[in-house]
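# A structural walkthrough
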Amino acid sequence: MRGARALPSLLLLPLFLVLPSLSISSAASGKQEQVYIVYLGGHGGAKAEEAILEDHHALLLSVKSSEEEARASLLYSYKHTLNGFAAMLSPEEATELAERSEVVSAFRSEGRWAPHTTRSWQFLGFEEGLKGPDGSDWLPSLDKSSGDVIVGVLDSGIWPESRSFSDEGLGPVPARWKGVCQGGESFSSSSCNRKIIGARYYLKAYEAHYNGLNTTYAFRSPRDHDGHGTHTASTVAGRTVPGVSALGGFAAGSASGGAPLARLAVYKVCWPIPDNPNPNIENTCFEADMLAAMDDAVGDGVDVMSVSIGSTGAPLPFAQDGIAVGALHAARRGVVVSCSGGNSGPKPATVSNLAPWMLTVAASSIDRAFDSPIKLGNGVEIMGQTVTSYHLPGNKPYPMVYAADAVVPGTPANVTNQCLPNSLSADKVRDKIVVCLRGSGLRVEKGLEVKRAGGAAILLGNPPASGSEVPVDAHVLPGTAVSAADAKTILAYINSSSSPTAVLDPSRTVVDVRPSPVMAQFSSRGPNVLEPNILKPDITAPGLNILAAWSEVSSPTKLGGDHRVVRYNIMSGTSMSCPHVSAAAVLLKAAHPDWSAAAIRSAIMTTATTSNAEGGPLKNGDGTVAGPMDYGAGHIRPNHALDPGLVYDASYEDYLLFACASGTGGSQSQLDPSAAPCPARPPPPYQLNHPSVAVHGLNGTVTVRRTVTNVGSGGGAARYAVAVDEPAGVSVKVSPRRLRFARAGERKVFTIRIEARGGGVERGRFVAGSYAWSDSVHVVRSPIVVMVA
């Protein structure tokens, strides 16, 4: 194991552990069994946990042949916030349970979930014009009240020895904390402190599927084998650590989470995929394990939950979506759940984590780059981007070759330029700079293939869809990456020269790059395919080339042949933007402990900006102007969110009523059978009191109703006027146009009349606008997206 260098005692660990009790087949019945989640809705609060557990056993006994078999089949009993359990069941047993009146749904727990994978906080402060007393960039996270806020991170665990998780200067653990520090392989109670106040791990569903955990690749404990969990945890709540950098000294400076005084609770739910050649390249997370973690997190006392995890494939109805179910019951207890939106952009309708009761986060850039000059043999100079610490010797021209011209026979024609494993001919690439294109395969694996074949360096070009967005990598050999336009220039030069050459100069870190932020092309886009009358994503935050803490048993590339050790690493993804929003939620919880999860989500969304730091519109990585389907309400502004003026609140009952009319599976009973039945004619989904407005299939006129609550810092009387930016071809009328509040906490109702102008808009395509309430101090902005039928 790579960790043997950092922790020599790991050499004594067994290589493979199997839990026989989690066998996939039932010896007693001969039936094939799998992990199913049996969801029973919410708790009424009348029963003790022991009584709930007995209810779950009784349900299992109704389909099992003996009490012993029923108890042995139970993996998790969810009893803190939501009501349900995970168990080993045959398809027939699951179907029989699903037909019972008290069961909402019974669905398989699958490994279709995966992690969505410093300067960012300084950049957010700079955008808002905030400077500290010493002239440094500043955010209000240093308020000591945030030390009472607990953020739970669901991910691949944590590396507790990182300086980002020091508890120096922190007071006692909040008395309301009920969690534990679960020991295990290379992790003990002493691994927790006043910063990491709790840690648990969950792998019963994982082991049931894979028949055990191979501890060559992962710790049977909350310790992070991968790096992803450490990175996200330090982004949300890492302490301020001066003098850090990525490998090679890139991005040097102070690293800090957005809420450095907040307490961390770690819930390890993601594990290596053993079928992969390199299991730690990608992790998988099973719903039954995640739901157990979310249930425990709320019971433990977390205030905010950060979940940089999303599903692959077609989204399921909310009642069969483990994260959505867990987030719903967390929101009922006032816990804010922030989730990553996914990395499948720029293709539309790819965003995941679609429920309106969670914050879904897109990814954008910051104002930092890692310039790597490239001098072509024809005199043209191009600026690449890299954090690779290796350099070509001699600062001299090296011959260049295009990968498509240097592949071995039999390489599929559609990937000859991709530098996939074992595709390059050593005779054709030896001692040359190899030009590869992004596409299939991992970026860092392409560099590994160039190195295997004897190439001197890699020059990695963007495909057209990625535009000018360049995620940086710590390649295993000299190399850099370029935009799509620059890749085209380089290939044109290679094609026009009989002996093309290039000089790759060392890279350097530069800041104050403009324009910024820019929407990441990889960030998943709307519309919401599950319920298009709810806009997703909700918000965007920094997610491109983010520096944060890392696991010391995971190399910067996570490749099996890469043995470099780093304490901080640069990563890109909505996994990185999600904890930025989680940190903003922590600050809001500290400032407004009585606010609901919906009020906090509203404050974050309505104070976002749709402008870049220069005052122009936010753009995508390909240079086009971005819109709500790219960034939701806009780019996060944490300081503005602390005093939003007005908020759109929503309750658990509001969400159940939303489900009555939503196209996500039918009736309210699919979320909570103990709640009141759906009305005969429930209000349309767009009537949910949400901070954004989305109307899908507009035919004629609709009237949308919204309610706002006065939470302005003035605490008393306030007068707001509305301004409307109408979507193209759509009329938007807000009534009344002025709202007067006499006191804090007062609510006002208004309507938005939306009408399609005849022939003024292309049918079947979303058009965007907005409306904003202002009292000359606050601007409370909401996006409007409309698709005319």
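Each chain has its residues counted from 1, following the order in which its sequence is written. Per-residue local features of the predicted model are confined to residues with pLDDT of at least 70, and side-chain atom pairs are confined, for both listing and counting, to 80 or more; whole-chain, interface and lining totals are unaffected and use all residues. Hydrogens and water are ignored here; the side-chain numbers use all heavy atoms of the structure.

### Some thoughts on the pattern of salt bridges
A side-chain nitrogen of Lys or Arg and a carboxyl oxygen of Asp or Glu constitute a salt bridge if their distance falls within 4 Å. Applying the stated criterion to the full structure yields 29 salt bridges. Of the charged contacts in the structure, one is a salt bridge between Arg 757 and Glu 726, with a shortest N-O distance of 2.7 Å. Taken together, the residues Arg 757 in the loop between strand S36 (747-756) and strand S37 (766-774) and Glu 726 in the loop between strand S33 (718-725) and strand S34 (730-735) connect sequence positions 31 residues apart. To sort residues, take the accessible area from a 1.4 Å probe on protein chains only and compare it with the maximum for the residue type: under 20% means buried, over 50% means exposed, and anything in between is partly exposed. With a relative accessible area of 29%, Glu 726 lands in the partly exposed category. Under the DSSP-based scheme used, a helix requires at least four consecutive residues in state H or I and a strand at least two consecutive residues in state E, with every element numbered from the N terminus.

### A closer look at the state of the cysteines
Disulfide: a pair of cysteine sulfur atoms within 2.5 Å of each other. In this structure the tally under the stated criterion is 4 disulfides. Between the sulfur of Cys 270 and that of Cys 285 lies a disulfide, 2.2 Å long from S to S. Disulfide Cys 270-Cys 285: torsion about the S-S bond near 100°, hence right-handed. One end of the pair, Cys 270, is in strand S11 (residues 270-272); the other, Cys 285, is in strand S12 (residues 283-285), with 15 residues separating them in the sequence. In this structure Cys 270 comes out as buried when scored by relative accessible area, which is 0%. The disulfide that involves Cys 660 links it to Cys 678, with 2.0 Å between the sulfurs. Between Cys 660 and Cys 678 the disulfide shows an S-S torsion of about -85°. By sign, it is left-handed.

### Regarding the confidence of the model for the protein
Reading fine detail from the predicted coordinates is not recommended where pLDDT is low. When pLDDT is averaged across the protein, the result is 89; 91% of the residues are at 70 or more. For every residue, the pLDDT score states the predictor's confidence, bounded by 0 at the bottom and 100 at the top. The criterion used for residue contact is that any of the two residues' heavy atoms lie within 4.5 Å. Every residue in residues 130-142 scores below 50 in pLDDT, and together they form 30 contacts with partners more than four places removed in sequence or on other chains.

### Points about the packing of helix H12 (residues 574-591) against helix H13 (residues 597-606)
Axis geometry follows a simple rule: fit a line to the C-alpha atoms, using only the stretch in contact for helices, then measure angles between N-to-C directions, giving values from 0 to 180 degrees. Across the interface, H12 lies against H13 with an axial gap of 10 Å and an inter-helix angle of 120°. Here H12 is positioned oblique relative to H13, judged by the angle of their axes. Taken as a pair, H12 and H13 cross one another with a handedness that is right-handed. Counted together, Val 581, Ala 584, Ala 585, Leu 588 and Lys 589 of H12 and Ile 600, Ala 603 and Ile 604 of H13 form the full contact between these two elements. Convention used here: angles under 35 degrees read as roughly parallel, angles over 145 as roughly antiparallel, angles from 65 to 115 as roughly perpendicular, and any remaining angle as oblique. Each crossing is labelled by how the near helix is turned from the far one, with a counterclockwise turn of less than a right angle marking it left-handed and a clockwise turn marking it right-handed.

### Quick look at the environment of Leu 97
Within the secondary structure layout, Leu 97 lies in helix H3 (residues 91-98). Given a relative accessible area of 0%, Leu 97 falls into the buried group. A C-alpha to C-alpha distance of 10 Å links Leu 97 and Phe 107, two positions 10 residues apart in sequence. Not counting the four nearest positions on each side in its chain, Leu 97 is found in contact with Val 38, Leu 59, Ser 62, Val 63, Phe 85, Leu 89 and Val 103.

### Let's talk about the nonpolar core
Formed by 115 residues in total, the largest nonpolar core has its most connected members in Met 305, Ile 309, Trp 357 and Ile 604. Among all residues touching Trp 357, those that are not within four sequence positions of it are Phe 318, Ala 324, Ala 327, Leu 328, Ala 331, Arg 601, Tyr 655, Phe 658 and Leu 671. Ranked by size, the runner-up nonpolar core spans 28 residues in total, among them Leu 698, Val 702, Tyr 720 and Leu 739. What makes a nonpolar core is a set of buried Ala, Val, Leu, Ile, Met, Phe, Trp, Tyr and Cys residues whose side-chain atoms join them at distances within 4.5 Å.

### Regarding a positive patch on the surface
Side chains of Arg 719, Lys 733, Arg 737, Arg 738 and Arg 740 sit close together on the surface and give a patch of like positive charge. Mapping Arg 719 onto the fold places it in strand S33. The patches reported here contain residues having more than 30% relative accessible area and no salt bridge. Joining distances are 9 Å for like charges and 5 Å for nonpolar side chains (Val, Leu, Ile, Met, Phe, Trp, Tyr). Residue burial considers only the protein chains on display, and all accessible areas are found by Shrake-Rupley using a 1.4 Å probe. Neither His nor the chain ends is counted toward charge; the positive residues are Lys and Arg and the negative residues Asp and Glu. Throughout, a charge is located at the NZ atom of Lys, the CZ atom of Arg, the CG atom of Asp or the CD atom of Glu.

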